[in-house]
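This is what each chain is made of:
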Amino acid sequence: MKQIKYIKIYCVALITIGMSAACQKEVIDLTPQSLLTTKDFYKTARDIDGAVLGVYSRYQARMPRDWAILEMPTDNMHTTGYFAIGGMSELNNMAFSQSNPLLAAFWLNTYNGIFRANSVLANIDNPVDYKVNQKEQFVGEAKFMRALFYFDLVRMFGGVPKVTSLLSIDVAKTVTKASDDEIYALIIEDLKDAVDKL
């Protein structure tokens, strides 16, 4: 009977020791691979390449409804068949409002693309493993896309907030609208730099 009691105590002790050895920091504190922050991203040329692709994805996210915003107010389209899309009748009647879901999505996706381009440009010097001319290519692509986003904005809204760097939330709240001339000057500057880099 005593032997069984000692065997049980011995097994419990072994299990406890085994479990405490398995509870090392590397095993307990795992960083999810899906969690990307500026702290653990923008470290390699591959990260920057992925960030540039993210800029393109914002433009692509906008495309399924751009035709509605750009063509519906003209004589090129009629609402026949499109009346169920939220905000479409406002565009057709040229009754624009800030609550229009199509315009809100356009604005959000466009400025998110500008934010992503600015993120690439702000972190472009972090990696040290670029191939020949790869860094210049990424800068050129980010500047081209930022110019394209601003070109679409200025054609639709006129003067808009000019954001060329990463901003804190407090600073972002204080950004005022730039004139269309300032936005066009930024577009020309970005395109000239993109031509030089690409």
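Residues numbered from 1 in each chain as written. Predicted model: local features only at pLDDT ≥ 70, side-chain atom pairs only at ≥ 80, totals over all residues. Heavy atoms only, no water.

As for the overall build of the protein
What the protein contains, in helices and strands, is eight helices and zero strands. Element order for the protein, N to C, with α for helix and β for strand: α-α-α-α-α-α-α-α. With 198 residues in all, the protein has 33% of them scored as buried. When the accessible surface of the protein is summed, it comes to about 13,200 Å², and 59% of that surface belongs to carbon and sulfur atoms. (Helix = DSSP H or I, 4+ residues; strand = E, 2+ residues; numbered from the N terminus. Buried < 20%, exposed > 50% of the residue type's maximum accessible area, 1.4 Å probe, protein only. Areas by Shrake-Rupley, 256 points an atom, 1.4 Å probe, with all protein chains shown as cover.)

Quick notes on the nonpolar core
Within the largest apolar cluster, 35 residues are counted, with the highest numbers of intra-cluster contacts made by Ile48, Tyr111, Val120, Ile124, Tyr150, Leu153 and Ile183. The set of elements that each furnish at least two residues to this core consists of helix 3 (45–71), helix 5 (101–123), helix 6 (134–157) and helix 8 (180–197). A per-element tally of this core places helix 6 first, with nine residues. In contact with isoleucine 183, other than residues within four places in its own chain, are Tyr150, Val154, Val160, Lys162 and Ala178. (Core = buried A, V, L, I, M, F, W, Y, C linked by side-chain atoms within 4.5 Å. Contact = heavy atoms within 4.5 Å.)

Re unusual backbone geometry
Positive phi, close to 60°, is recorded for tyrosine 42, a residue that is not glycine. Within the secondary structure layout, tyrosine 42 lies in the loop between helix 2 (25–28) and helix 3. Look at tyrosine 42 and you get buried, because its relative accessible area is 11%. Even without being a glycine, asparagine 133 presents a positive backbone phi close to 65°. In this fold, asparagine 133 is placed in the loop between helix 5 and helix 6.

With respect to the pattern of salt bridges
Applying the stated criterion across every chain, the model contains six salt bridges. The partner of arginine 146 in a salt bridge is aspartate 190, and the shortest N-O contact between them spans 2.7 Å. Here arginine 146 is found in helix 6, whereas its partner aspartate 190 is found in helix 8, with 44 residues between them in sequence. Note on accessibility: arginine 146 and aspartate 190 belong to one class, buried. The salt bridge partner of lysine 197 is aspartate 193, with a shortest N-O separation of 3.0 Å. Placement of the pair is lysine 197 and aspartate 193 together in helix 8, with a separation of four residues, close to one helical turn. Judged by relative accessible area, lysine 197 falls into the partly exposed class, the value being 31%. Taking relative accessible area as the criterion, aspartate 193 reaches 18% and is therefore assigned buried. Several salt bridges converge on common partners, so that one network encompasses Arg62, Asp152 and Arg155. (Salt bridge = Lys/Arg side-chain N within 4 Å of Asp/Glu carboxyl O.)

Observations concerning helix 5
What sets the pattern is the α-helix's 3.6 residues per turn: residues three or four places apart point alike. For helix 5, with 23 residues, the first-to-last C-alpha span of 32 Å sits near the 33 Å given by 1.5 Å per residue. The distance from a side-chain oxygen at the start of helix 5 to the backbone nitrogen of leucine 102 is 2.8 Å, and the residue carrying that oxygen is asparagine 100. (Expected span 1.5 Å × (residues − 1). Polar contact = N/O pair within 3.5 Å; in protein donor to acceptor, adjacent residues only side chain to side chain.)

Digging into the packing of helix 6 against helix 8
Think of two packed helices as two axes; the pair is described by the angle between the axes and how far apart they sit. Between helix 6 and helix 8, whose axes approach to 8 Å, the crossing angle comes to 155°. The orientation of helix 6 with respect to helix 8, classified from their angle, is roughly antiparallel. The two elements helix 6 and helix 8 cross, and the hand of that crossing is left-handed. For the pair helix 6 and helix 8, contact is made by Glu136, Gln137, Val139, Gly140, Lys143, Phe144, Arg146, Ala147, Tyr150, Phe151, Val154 and Arg155 and by Asp180, Ile183, Tyr184, Leu186, Ile187, Asp190, Leu191, Asp193, Ala194 and Lys197, respectively. A class-by-class count of the residues in the contact of helix 6 with helix 8 yields 12 nonpolar, two polar and eight charged. (Axes fitted to C-alpha atoms, helices over the stretch in contact; angles between N-to-C directions. Parallel < 35°, antiparallel > 145°, perpendicular 65-115°, else oblique. Left-handed = near helix turned anticlockwise from the far one by under 90°. Nonpolar A, V, L, I, M, F, W, Y, C, P; charged D, E, K, R; others polar.)

Overview of the packing of aromatic side chains
In the structure shown here, the tally under the stated rule is seven aromatic pairs. Pairing phenylalanine 106 with phenylalanine 157 gives two aromatic rings, centres 6.2 Å apart and planes at 50°, and the pair type is tilted. Note that phenylalanine 106 is positioned in helix 5 and phenylalanine 157 in helix 6, a separation of 51 residues in sequence. The class of phenylalanine 106 is buried, set by a relative accessible area of 2%. Consider the rings of tyrosine 111 and tyrosine 150, whose centres lie 6.2 Å apart with planes at 90°: the pair is edge-to-face. One end of the pair, tyrosine 111, is in helix 5; the other, tyrosine 150, is in helix 6, and 39 residues separate them in sequence. What makes tyrosine 111 buried here is its relative accessible area of 15%. Ring pairs connect the aromatic residues Phe106, Trp107, Tyr111, Tyr150 and Phe157, which therefore count as one cluster. (Phe/Tyr/Trp six-rings, centres within 6.5 Å; stacked < 30°, edge-to-face > 60°.)

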